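Residue-level structural notes
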Amino acid sequence: MSKRRLDQLDVAGKKVLVRVDFNVPIDQGIEGIALYDQRLRATLPTIQYLIDQGSKIVLCSHLGRPNGEVVEELRLEPVGDRLALLLGQPVKSVPEITGPLVADTVSQLSPGEVLLLENLRFHPGEEKNDGVFASELADIVDCFVNDAFAVCHRAHASTDGITKYLPSAMGLLVQREVESMGQALESPEKPLAALMGGAKVSDKILLLDNLLEDLDHLFIGGGMCVTFLNALGYLTGDSRVEEDRLEFARQIMARAEAGKTEVHLPDYVVIANEFAAEPGKTDVMHVGDVPDGWYIMDIAPSSAEDFAGALKKCKTIIWNGPMGVFEMPKFSQGTRTVAEAISDLSGVTTVVGGGSTAEAVEELGLMDKMTHVSTGGGASLEFLEGKELPGIAALPDV
């Protein structure tokens, strides 16, 4: 099912409301916004397209979790300042979302000018998908563009409700997300690999279910591998085991074997005597020898190299989740080794899920070396699970 694209929407000279996702780490100040501005940069092509069309551009986004109340620390103006630097032109901000001030400011926009509204989640109607709030947003513009893939899995007023009142289309970012991940799911070049990591098996159950039958290789690292190793009978020290997912792990491995999917688990792991950034002791241990009182923190360098070598055989790689506790530098090497190996592959389609995986790739400076790095954590996960995303479903078909 094809959805209306930006180039299929009449935006020339029009007032265009664009839902963007500028949910960046504002708590770290201007420096934090500058360090983690992938989501701002990702929507620049849509904004620039509208500037070139002479549109009057009204951006709207949420920031944090203000729960329908005004929270001074979560105002969007500092984000607008960063966007202005990236865009190379001023970005106006207003301290309101709807109302006379907003209507007056929008009416005075010149073609190509950009306005950023206040934090959508300051209004209780946003997360409730309130029709009145959606219609108030719609009243100030001529059409709507959804370029916020990271919230497309939410049926909110600015992603779902708004489409009932305005001619609508997906922006260039959402189009790229849908096309890149859709191709990896529907018509991947083989061999196809899934590289799974992150903290919990339970977060990836539906993803594994949806992908497994088509996979040639399944790589499992991160906290996920603890439960899989435990399911195989290995002792995993004091690492967290999802007891209620052990049977699921066994079923996945049995299904993989029956379907000729090769499962890759680490043979060696990095362990620590404390789950901490600077533990008293660390060691590298075979997965069968992890002692009580110790925690698996990362896949070992030798296992990371094994993963990297096997990934070279693949033509499409879907990656979701780091290989270790990446946010602790001492335990980031497994993720780094695998990420650098993937980034060096030529003629390979690499689709990286959002959230912590995208943050890791961004921190390593490898964004431009991946085919596609998603801007949406939960949204990319649900898309790869095969779910329909409300923010995309609400857009008109073509």
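For the structure, see preceding data.
Residues numbered from 1 in each chain as written. Predicted model: local features only at pLDDT ≥ 70, side-chain atom pairs only at ≥ 80, totals over all residues. Heavy atoms only, no water.

**Remarks on the overall build of the protein chain**
Of regular secondary structure, the protein chain possesses 15 helices and 15 strands. Taken over C-alpha atoms, the radius of gyration comes to 23 Å for the protein chain, in line with the 21 Å a tight globule of 398 residues would show. Within the span of the protein chain, comprising 398 residues, buried residues form 55% of the whole. Taking the intrachain contacts of the protein chain between residues at least 6 apart in sequence as the baseline, contacts between residues at least 24 apart amount to 74%. A total of about 16,500 Å² of accessible surface is found on the protein chain, and carbon and sulfur atoms cover 46% of it. Across the protein chain, 34 positive and 60 negative side-chain charges occur, with their mean positions spaced 3 Å apart. (Helix = DSSP H or I, 4+ residues; strand = E, 2+ residues; numbered from the N terminus. Rg over C-alpha atoms; globule rule 2.2 N^0.38 Å. Buried < 20%, exposed > 50% of the residue type's maximum accessible area, 1.4 Å probe, protein only. Contact = heavy atoms within 4.5 Å. Areas by Shrake-Rupley, 256 points an atom, 1.4 Å probe, with all protein chains shown as cover. Lys, Arg positive; Asp, Glu negative; His and termini not counted. Charge placed at Lys NZ, Arg CZ, Asp CG, Glu CD.)

**Focus: the sheet that holds strand 6 (residues 168-170)**
Read from one edge to the other, the open sheet built from 6 strands follows the order 3-4-2-1-5-6, with strand pairing classed as parallel. Strands with a single pairing partner mark the edges of an open sheet, and in this sheet they are strand 3 (92-93) and strand 6. Alignment of strand 1 (residues 15-19) against strand 2 (residues 56-60), held across 5 bridges, turns out to be parallel. Paired with Val 16 across the strands is Ile 57, a residue of strand 2. (Pairing = 2+ DSSP bridges.)

**Focus on the nonpolar core**
Ranked by size, the top nonpolar core spans 52 residues in total, and within it Leu 17, Phe 22, Leu 59, Val 79 and Leu 117 carry the most contacts. Residue assignment for this core shows that the elements contributing at least two residues are strand 1, helix 3 (44-52), strand 2, helix 4 (77-87), helix 5 (100-107), strand 4 (114-116), helix 6 (131-138) and strand 5 (143-146). Other than its neighbours up to four places away in sequence, Leu 117 contacts Leu 17, Val 58, Leu 59, Cys 60, Leu 76, Val 94, Glu 96, Ile 97, Val 102, Leu 137 and Ile 140. By size, the runner-up hydrophobic cluster in this structure holds 48 residues, among which are Leu 192, Leu 215, Ile 220 and Leu 395. (Core = buried A, V, L, I, M, F, W, Y, C linked by side-chain atoms within 4.5 Å.)

**Here's the deal with the packing of aromatic side chains**
One pass over the full model with this rule turns up 3 aromatic pairs. Ring geometry for Phe 149 and Phe 383: centres 6.4 Å apart, planes at 65°, overall edge-to-face. In this pair, Phe 149 is assigned in the loop between strand 5 and strand 6 and Phe 383 in helix 14 (residues 377-384), connecting sequence segments 234 residues apart. Phe 383 carries the same exposure label as Phe 149, and that label is buried. Residues Phe 275 and Tyr 295 carry aromatic rings whose centres are separated by 6.2 Å and whose planes lie at 75° to one another, so their mutual orientation is edge-to-face. Highlighted residues: Phe 275 in the loop between strand 10 (268-272) and strand 11 (282-286) and Tyr 295 in strand 12 (residues 295-299), separated in sequence by 20 residues. (Phe/Tyr/Trp six-rings, centres within 6.5 Å; stacked < 30°, edge-to-face > 60°.)

**Some points on the environment of Gln 38**
Summarising the element assignment, Gln 38 is placed in helix 2 (residues 38-42). The exposure class assigned to Gln 38 is buried, which follows from its relative accessible area of 10%.

**Structural notes on unusual backbone geometry**
A cis amide bond links Lys 190 with the next residue in sequence, Pro 191, at an omega value of 0°. In this structure, Pro 191 sits in the loop between helix 7 (172-186) and strand 7 (192-196). Unusually for a residue other than glycine, Asn 129 sits at a positive phi of about 55°. Mapped onto the elements, Asn 129 comes out in the loop between strand 4 and helix 6. For Asn 129, a relative accessible area of 22% translates into the label partly exposed. Despite not being glycine, Lys 260 has its phi angle at roughly 65°, a positive value. Residue placement: Lys 260 occurs in the loop between helix 10 (246-258) and strand 9 (262-264). On the accessibility criterion, Lys 260 (71% relative accessible area) is exposed.

**Comments concerning the sheet that holds strand 9**
Spatial ordering of the open sheet is given by 9-8-7-13-14-15, a layout of 6 strands whose pairing is parallel. At either end of the open sheet lies a strand with only one pairing partner, and these are strand 9 and strand 15 (372-373). Of the strand pairs in this sheet, strand 8 (residues 217-220) and strand 9 are connected by 3 bridges, and their pairing is parallel. Considered in strand 9, the bridge of His 217 is made with Glu 262.

**A short note on the environment of Ala 249**
One can find Ala 249 in helix 10. Among residues more than four places away in sequence, those in contact with Ala 249 are Phe 228 and Ala 231.

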